[in-house]
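Here's the letter readout for the chains.
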Amino acid sequence: MARKSRMGCGNYAVVLVLLFFGAMKVRSDSSDHKYKSGEEVPLYANKVGPFHNPSETYRYFDLPFCSPGHVKDKTEALGEVLNGDRLVTAPYKLDFTNDRETEVVCKKTLSKEEVARFRDAVAKDYYFQMFYDDLPIWGFIGKVDKEGKADPSEYKYYLFKHLHFDIHHNKDRVIEVNARTDPNALVDITEDKEIDVDFMYSVKWKETEIPFEKRMEKYSQTSALPHHLEIHWFSIINSCVTVLLLTGFLATILMRVLKNDFVKYAHDEEAADDQEETGWKYIHGDVFRYPKHKSLFAAALGSGTQLFTLAIFIFILALVGVFYPYNRGALFTALVVIYALTSGIAGYTAASFYCQLEGKNWVRNLLLTGGLFCGPLLLTFCFLNSVAIGYHATAALPFGTIVVIFLIWALVTSPLLVLGGIAGKNSKAEFQAPTRTTKYPREIPQLPWYRGALPQMAMAGFLPFSAIYIELYYIFASVWGHRIYTIYSILFIVFIILIIVTAFITVALTYFQLAAEDHEWWWRSFVCGGSTGLFIYGYCLYYYYARSDMSGFMQTSFFFGYMACICYAFFLMLGTVGFRAALFFVRHIYRSIKCE
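Worth saying up front: this structure is predicted, and the values here are computed from it rather than measured.

(A) Quick peek at the packing of helix 7 (residues 330-341) against helix 10 (residues 399-425). Close contact between helix 7 and helix 10 brings their axes to 7 Å; oriented N to C, the two are set at 40°. Judged on the interaxial angle alone, helix 10 and helix 7 are oblique. Residue-level contacts link Val336, Ala340 and Leu341 of helix 7 to Ile408, Val412, Thr413 and Leu416 of helix 10. Looking at side-chain class alone, the contact of helix 7 with helix 10 contains six nonpolar, one polar and no charged residues.

(B) Local environment of the packing of helix 12 (residues 488-515) against helix 15 (residues 553-591). In contact at an axis separation of 8 Å, helix 12 and helix 15 are set at 50° when each is read in the N-to-C sense. As the angle between them shows, helix 12 and helix 15 are arranged oblique. Between helix 12 and helix 15 lies a crossing of right-handed hand. Across from Phe495, Leu498, Ile499, Thr502, Ala503, Thr506, Val507, Thr510, Tyr511 and Leu514 in helix 12, the residues of helix 15 making contact are Phe570, Met573, Leu574, Val577, Gly578, Ala581, Ala582, Phe585, Val586, Ile589 and Tyr590. Considered class by class, the residues forming the contact of helix 12 with helix 15 number 17 nonpolar, four polar and no charged.

(C) A look at the state of the cysteines. Scanning the model with the defined rule gives one disulfide in all. Residue pairing for Cys66: its cysteine sulfur links by disulfide to Cys106, the two sulfurs lying 1.5 Å apart. Taking the sign of the S-S torsion, about -65° here, the bridge from Cys66 to Cys106 comes out left-handed. Taken together, the residues Cys66 in the loop between strand 2 (58-59) and helix 2 (78-82) and Cys106 in strand 4 (residues 100-110) connect sequence positions 40 residues apart. Here Cys540 stays free of any disulfide, with the sulfur of Cys567 as its closest cysteine sulfur at 4.4 Å. Its relative accessible area of 0% is what places Cys540 among the buried residues.

(D) Region of the structure containing the pairing of strand 1 (residues 43-50). Burial runs high along strand 1: seven of the eight residues are buried. Taken together, the seven bridges between strand 1 and strand 5 (residues 126-132) define a ladder with antiparallel strand orientation. Bridge pairing in strand 5 places Leu43 opposite Tyr132. As paired strands, strand 1 and strand 3 (residues 88-89) are joined by two bridges and run antiparallel to one another. Bridging from a neighbouring strand, Ala45 pairs with Val88 of strand 3.

(E) Region of interest: the environment of Asn53. Note that Asn53 resides in the loop between strand 1 and strand 2. Taking relative accessible area as the criterion, Asn53 reaches 5% and is therefore assigned buried. Apart from residues no more than four positions distant in its own chain, Asn53 is found in contact with Asp549, Met550, Ser551 and Gln555.

(F) Main features of the sheet that holds strand 11 (residues 186-188). Pairing is antiparallel across the open sheet formed by three strands, whose spatial order is 7-8-11. Single-partner strands in this sheet number two, and they are strand 7 (142-145) and strand 11. Ignoring strand direction, the axes of neighbouring strands in this sheet form an average angle of 30°. Summarising the sheet, strand 7 and strand 8 (residues 156-160) pair through four bridges and their orientation is antiparallel. Residue pairing for strand 8: Lys143 is matched across the bridge by Tyr158. Those strands touched by helix 3 (residues 112-123) are strand 7 and strand 8, and its axis lies near 100° from that of strand 8.

(G) Spatial organisation of unusual backbone geometry. For Asp134, which is not glycine, the phi dihedral falls at a positive 65°. Here Asp134 is to be found in the loop between strand 5 and strand 6 (135-140). A positive phi angle is found at His293, which is not glycine, with a value near 55°. Position of His293 relative to the elements: it lies in the loop between helix 5 (226-270) and helix 6 (294-319).

(H) Representation of the pattern of salt bridges. Per the counting criterion, the structure on display carries 14 salt bridges. A salt bridge links Asp95 to Arg100; the nearest nitrogen and oxygen atoms lie 3.3 Å apart. Taken individually, Asp95 and Arg100 each receive the classification buried, so the pair is uniform in this respect. In this structure, Asp286 engages Arg442 in a salt bridge whose closest nitrogen and oxygen atoms are separated by 3.6 Å. A residue pair is termed long-range when its members are at least 10 positions apart, and Asp286 in the loop between helix 5 and helix 6 and Arg442 in the loop between helix 10 and helix 11 (453-479) qualify at 156 residues. It is possible to trace a salt-bridge network through shared partners that takes in Asp95, Arg100 and Glu103.

(I) Layout of the pairing of strand 8. When you tally the buried positions in strand 8, you get four out of five residues, the bulk of the element. In this structure, strand 8 lies alongside strand 11, joined through three bridges in antiparallel fashion. By the bridge assignment for strand 11, Phe160 is matched with Leu186.

(J) A nonpolar patch on the surface, seen in detail. A contiguous nonpolar surface patch, about 650 Å² in accessible area, is contributed by Phe399, Val403, Phe406, Leu407, Trp409 and Leu411. Position of Trp409 relative to the elements: it lies in helix 10.

(K) Focus on the side chain of Ser352. Locating Ser352 in the fold gives a position in helix 8 (residues 343-356). When residues no more than four places from it in sequence are discounted, the contact partners of Ser352 are Gly424, Ser427 and Ala429.

(L) Molecular detail of helix 6. Over its 26 residues, helix 6 runs 37 Å from end to end, which matches the ideal 38 Å to within 8%, given 1.5 Å per residue. Summarising burial for helix 6: 19 of the 26 residues are buried, a large majority. Immediately downstream of helix 6, the backbone of Gly321 shows phi near 95°, a positive value.

(M) Local environment of helix 10. Counted at 1.5 Å a residue, the expected span for helix 10 with its 27 residues is 39 Å, and the 37 Å between its end C-alpha atoms agrees. Residue Trp409 marks the point of greatest curvature in helix 10, where the axis turns by about 35°. Regarding helix 10, the residues found buried are Thr401, Ile408, Val412, Thr413, Leu416, Leu417, Gly420, Gly421, Ala423 and Gly424.

Calculation rules
Residue positions are counted from 1 within each chain, in the order its sequence is given. A pLDDT threshold of at least 70 governs which residues receive local features in this predicted model, and a stricter bar of 80 or more applies before side-chain atom pairs are shown or counted, although totals over entire chains, interfaces and linings include all residues. Side-chain figures throughout are based on the complete set of non-hydrogen atoms in the structure, without hydrogens or water. To obtain an axis, a line is fitted to C-alpha atoms, over the contacting stretch when the element is a helix, and the angle between two such axes runs from 0 to 180 degrees between their N-to-C directions. Only runs of H or I of at least four residues qualify as helices and only runs of E of at least two qualify as strands under DSSP, and these elements are numbered from the N terminus. Orientation is classified from the angle alone, with under 35 degrees giving roughly parallel, over 145 giving roughly antiparallel, 65 to 115 giving roughly perpendicular, and any other angle giving oblique. A contact between two residues is defined here by any heavy atoms of the two lying within 4.5 Å. Only Asp, Glu, Lys and Arg are considered charged, only Ala, Val, Leu, Ile, Met, Phe, Trp, Tyr, Cys and Pro nonpolar, and every remaining residue, Gly among them, polar. Helix crossings are classified by the rotation of the near helix relative to the far one: an anticlockwise turn of less than a right angle makes the crossing left-handed, while a clockwise turn makes it right-handed. Cysteine sulfur atoms are paired as a disulfide whenever they fall within 2.5 Å. Relative accessibility under 20% of the residue-type maximum defines a buried residue, over 50% an exposed one, and the middle range a partly exposed one, all with a 1.4 Å probe and only protein chains included. At least two DSSP bridges between two strands are required for those strands to pair. When a carboxyl oxygen of Asp or Glu lies within 4 Å of a side-chain nitrogen of Lys or Arg, that pair is called a salt bridge. Here the term patch refers to residues with relative accessible area over 30% and no salt bridge, with like charges joined within 9 Å and nonpolar side chains (Val, Leu, Ile, Met, Phe, Trp, Tyr) within 5 Å. The protein chains shown are the only cover counted for residues, whose accessible areas, like all others here, come from Shrake-Rupley with a 1.4 Å probe. The span one expects for a helix is its residue count, reduced by one, times 1.5 Å. Two axes enter the definition of the bend at a residue: one is fitted to the seven residues ending there, the other to the seven starting there, and the bend is the angle between them.

Interpretation note: all reported values are geometric properties and have no functional meaning in isolation.
Below is the structure:
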């Protein structure tokens, strides 16, 4: 019966994965259009917002730009909506291969209130984003003249009124598009008074030999210029070599100590039987005693396993090229769909391990597993979405999108979680303990302060964090900035090193804990493995205040709110890695000795 449930769950997941890949492929190829001379190529205005606050974006026509007669919203995929994209038709006519000299989009009289809105936007370095044949276009809406003016009240504010488009084409396809503003076509908006503005644009088409398949390479190259790439690789290699040398050094010491322990215990067995045992062998009757709060422990293990699987799938998609630059929303779509599909893994792992620990209420354990990560994420989302609604920002999800996510949770995530839990409960796996557990636990001796949980977590988290520290800057600059991250091979190498170092440092600290005759290693190994997540959150504070120019309540709450969820996910994932490594190690060393 258990086998049948697991097969059904697996087949269902395979079908959904195939549908997901198919949908993503269709979406990524949707811009593969061929055009005839004079044919209209779609230009969509997306959003505007302060340049230094990537989460604080607004609809393009929230500012009083020239609006076309009928503003039509473009249908967006789930991931694009989650990304904050809100595409609408733009007022500019960019017909294929048709050059345009200076043309007036509209003549508009800006009221005092509209002038003040534009001035406030210019003061905050507002930029705009458009998409032309699915190619991104950026530009600033104005500039601040600060030359020779020490007092901010003397600054001059100017609005750009002329936009020039340079477009490259290869026969019947659009290859590249750039937009630049005319520095001589300015409107002074320093004072609150009505102003007549002629918004204008011009278009210039040029032929290029770049094939359509390589039109996205421009964005990859700008994100990894040769000298930057060399520095990047050198920094990563330097970091990895340092960490691996430290790890190897500690591993050598640990192996020698273990070898001496095995020799010592083998000699003790040949000596008098009444000789008192010491060290980690002394607590062989307690080391496999089940941990406190075993339902929570199993739920954390299940959630961590699911998140680890999610990370592996995301890396696979990244390495095969799904997340090419400006495949809008692909990453968010992948995260939502793969998380839903892997919920069966969480249910199976949690229920199976909970039953191995002789737990009885597996249904409650399953509910705890389902809410352990999703619960805090949901609370964070509700708060941040309310903030975005208050700001009228595009980060606020429409009601329809929230319904779609709820349906994914109700129709995919929850059923797969239950199916996985049933399969795990019926797997009848037993906890493999090489030694018998005594009826009453031994008293743990008084240990020095540096063997406490917090100092151990600090030691356990520092080494893995030092392995990923350099790469974190590039990731943060991409997620919370305007850089494009494309070097997934480096990121994957760093991730593998992170897993290895986390596993090893947890094993080493577990050994030292057992050698001090402290048998409560279960939770300790989990929190020590996951402590890197706390270090990452500490780096968030440093990045926000020292490396970024983010400001404002909305951007601050989005940054620290969602980073708290991401760091919590790292805590669960790496905690699972640490515990699994420690469990393998503890089983191995206790199998290697003879215990009465």
